[in-house]
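The chain contents come next:
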Amino acid sequence: MNTFTDSEWGTGTEDPSLFRPAALNATQWMDAARAAGASLVILVAKHHDGFCLWPSAYTAHSVRASPWRAGRGDVVAEFVNAARARGLDAGLYLSPWDRHDQRYGQEVAYNEYYEAQLHELLTGYGSVSEIWFDGAKGKNATNMTYHFQEWFQTVKQLQRSINIFSDDGPDVRWVGDEKGYAGTTCWSAVNRSAITIGEAGIEKYLNEGDPRGRDWVPPECDVSIRTGWFWHANETAKPLAQLLEIYYNSVGRNCVLLLNAPPNTTGLVEDADVARLREFGRAVEAVRVQRGADPGARRAGAARGAARGVRRRRARGERHHGRAQAAAPAAPPRRREEGEGLDHGAAGPAAAVGGRAPPRPLRRGGRDVIDVAARSPVSARGGTDG
């Protein structure tokens, strides 16, 4: 809905009739994601304004009340179907903060409402790879206690292999800023008991992790390809050099990178943004080839005469770990828990860029964790509501 009101945080009072992305084409979103090299896409199914991009049975504030598809549309369905048709994993974002629903502020009633919507999303659209819990809430927002642990239990009961993202995971954690930069040293481990979701003052801890942490919760960096999370006519995509700097300071510092690519009011990702995503994907792939990111890339590079420098370095006894961050001037020496990934932010179609293998849960130290090293360097998140 923010796309149609030219805002970043909606008020919850928006008329559903404003939602009319006449040319919405989720397949175009997926093609944009694939151009960037993505393997995972995440859709913002509901943002803080409370407008739902699927016809929820629990509120009238949804696409059902809009003129789009004559009130019979379902962005979530189109999104997941297009993702699977293009070989991409699908994830969903569902904002806990809801500025529209009258139950917000009533602890039992609203938590039950939110859990019911989780149930709709995780039982009605097939397998979901990641679910996003955003801790953001305005300073003057109605006081509300979220039952996060109950929600997490519900999520795992409905989809055992899903990855849960929040400030403290339990599977993937926020990196503490929205600039796309991790700490110079960024550990996958933290102590979850030291983190309260949405609490101010935890940003540095999330940004750096904890070398003595007991819980394995790899970090995820979220940043937009534009200035804002949502599409605005007066904004353009960041320059390639800036996107690569973000890549080196996220992927190169042990994080998955989530790159937001917001669709415009017609429901399409801007041609210029698609071109920048493609340019970025090619640049990341070139870095991977240069640094020997995978055997196939090394063979292709050798055919072009690119392997000579690699052979010289090996002759000097240098080790190669096969990830793009090895080329980043600001990146620290690679640790075994380091990984890479990208994701589109809260306002546009979602996609994972820069790799081929989707994230997979592993058993490490008796805990389910994300094998970020097996995950693509880039992923995308978004939706026209954002």
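Residues numbered from 1 in each chain as written. Predicted model: local features only at pLDDT ≥ 70, side-chain atom pairs only at ≥ 80, totals over all residues. Heavy atoms only, no water.

1. Observations regarding the nonpolar core
Looking at soluble globular proteins, one finds that nonpolar side chains tend to be buried together.
Thought 1: Counting residues in each nonpolar core, the largest one holds 77 residues, and the members touching the most others are Phe-19, Val-75, Val-76, Phe-133 and Phe-280.
Thought 2: Here the element with the most residues in this core is helix H3 (residues 75-85); it accounts for seven residues.
Thought 3: Phe-165, Val-172, Ile-202 and Val-217 belong to the second-largest nonpolar core, a separate cluster that totals 14 residues. (Core = buried A, V, L, I, M, F, W, Y, C linked by side-chain atoms within 4.5 Å. Buried < 20%, exposed > 50% of the residue type's maximum accessible area, 1.4 Å probe, protein only. Helix = DSSP H or I, 4+ residues; strand = E, 2+ residues; numbered from the N terminus.)

2. What about the environment of Arg-99?
Thought 1: The residue Arg-99 is located in the loop between strand S2 (89-94) and helix H4 (107-123) in this model.
Thought 2: Expressed as a C-alpha distance, the spacing of Arg-99 and His-47, which sit 52 residues apart in the sequence, is 9.2 Å.
Thought 3: With sequence-adjacent residues up to four places away left out, Arg-99 is seen in contact with Trp-9, Gly-10, Thr-11, Gly-12, His-48 and Asp-49. (Contact = heavy atoms within 4.5 Å.)

3. Section: the pattern of salt bridges
Thought 1: The final tally for this structure, using the stated rule, is ten salt bridges.
Thought 2: Measuring nitrogen to oxygen at the nearest pair gives 3.4 Å for the salt bridge that ties Asp-168 to Arg-192. On the criterion of sequence distance, the pair formed by Asp-168 in the loop between strand S4 (163-166) and strand S5 (172-174) and Arg-192 in the loop between strand S6 (189-190) and helix H6 (203-208) is long-range, its members being 24 residues apart.
Thought 3: Note on Asp-168: relative accessible area 5%, which makes it buried.
Thought 4: With its nearest N and O atoms 2.7 Å apart, the salt bridge here joins Asp-273 to Arg-226. (Salt bridge = Lys/Arg side-chain N within 4 Å of Asp/Glu carboxyl O.)

4. Focus: the layout of surface pockets
Where empty space is left in the structure can be found by rolling a water-sized probe over the atoms.
Thought 1: Of the volumes computed, that of the largest pocket is approximately 680 Å³.
Thought 2: Lining the largest pocket are 31 residues, and of these Asp-134, Gly-135, Ala-136, Lys-137 and Gly-198 sit closest to its centre.
Thought 3: Across the lining of the largest pocket, the residue classes tally to 14 nonpolar, seven polar and ten charged. (1 Å grid on protein atoms, 1.4 Å probe; cavity = no way out; pocket = protein on both sides within 12 Å on 5 of 7 lines; lining within 4 Å. Points joined across faces, edges and corners; volume = space filled by probe spheres on them. Nonpolar A, V, L, I, M, F, W, Y, C, P; charged D, E, K, R; others polar.)

5. Side note on the side chain of Ser-95
Thought 1: Here Ser-95 shows up in the loop between S2 and H4.
Thought 2: Judged by relative accessible area, which is 0%, Ser-95 ranks as buried.
Thought 3: Polar side-chain contacts of Ser-95 include one of 2.8 Å to the backbone oxygen of Trp-97.
Thought 4: Not counting the four nearest positions on each side in its chain, Ser-95 is found in contact with Lys-46, His-47, His-48, Tyr-110 and Tyr-114. (Polar contact = N/O pair within 3.5 Å; in protein donor to acceptor, adjacent residues only side chain to side chain.)

6. Observations regarding the packing of helix H2 (residues 26-35) against helix H8 (residues 271-290)
Thought 1: Two elements in contact, H2 and H8, have axes separated by 7 Å at closest approach and are oriented at 30°. Here H2 is positioned roughly parallel relative to H8, judged by the angle of their axes. Between H2 and H8, the residues in contact are Gln-28, Ala-32 and Ala-35 and Val-274, Leu-277, Arg-278 and Gly-281, respectively.
Thought 2: Among the residues forming the contact of H2 with H8, the class breakdown is four nonpolar, two polar and one charged. (Axes fitted to C-alpha atoms, helices over the stretch in contact; angles between N-to-C directions. Parallel < 35°, antiparallel > 145°, perpendicular 65-115°, else oblique.)

7. So, the pairing of strand S8 (residues 219-224)
Thought 1: Across the six residues that make up S8, a large majority, six, are buried.
Thought 2: Residues Pro-219, Cys-221 and Val-223 of S8 are buried on one face, and the alternating residues Glu-220, Asp-222 and Ser-224, pointing to the opposite face, are buried as well.
Thought 3: Where S5 meets S8, two bridges bridge the pair, whose relative direction is parallel. What sits directly across from Trp-174, in S8, is Glu-220.
Thought 4: Alignment of S8 against strand S9 (residues 256-260), held across five bridges, turns out to be parallel. Bridge pairing links Cys-221 to Leu-257 in S9.
Thought 5: Once the chain exits S8 it traverses helix H7 (residues 240-248) before rejoining the sheet at S9, and the crossover so formed is right-handed. (Pairing = 2+ DSSP bridges. Right-handed = clockwise from strand over helix to strand, strands pointing away.)

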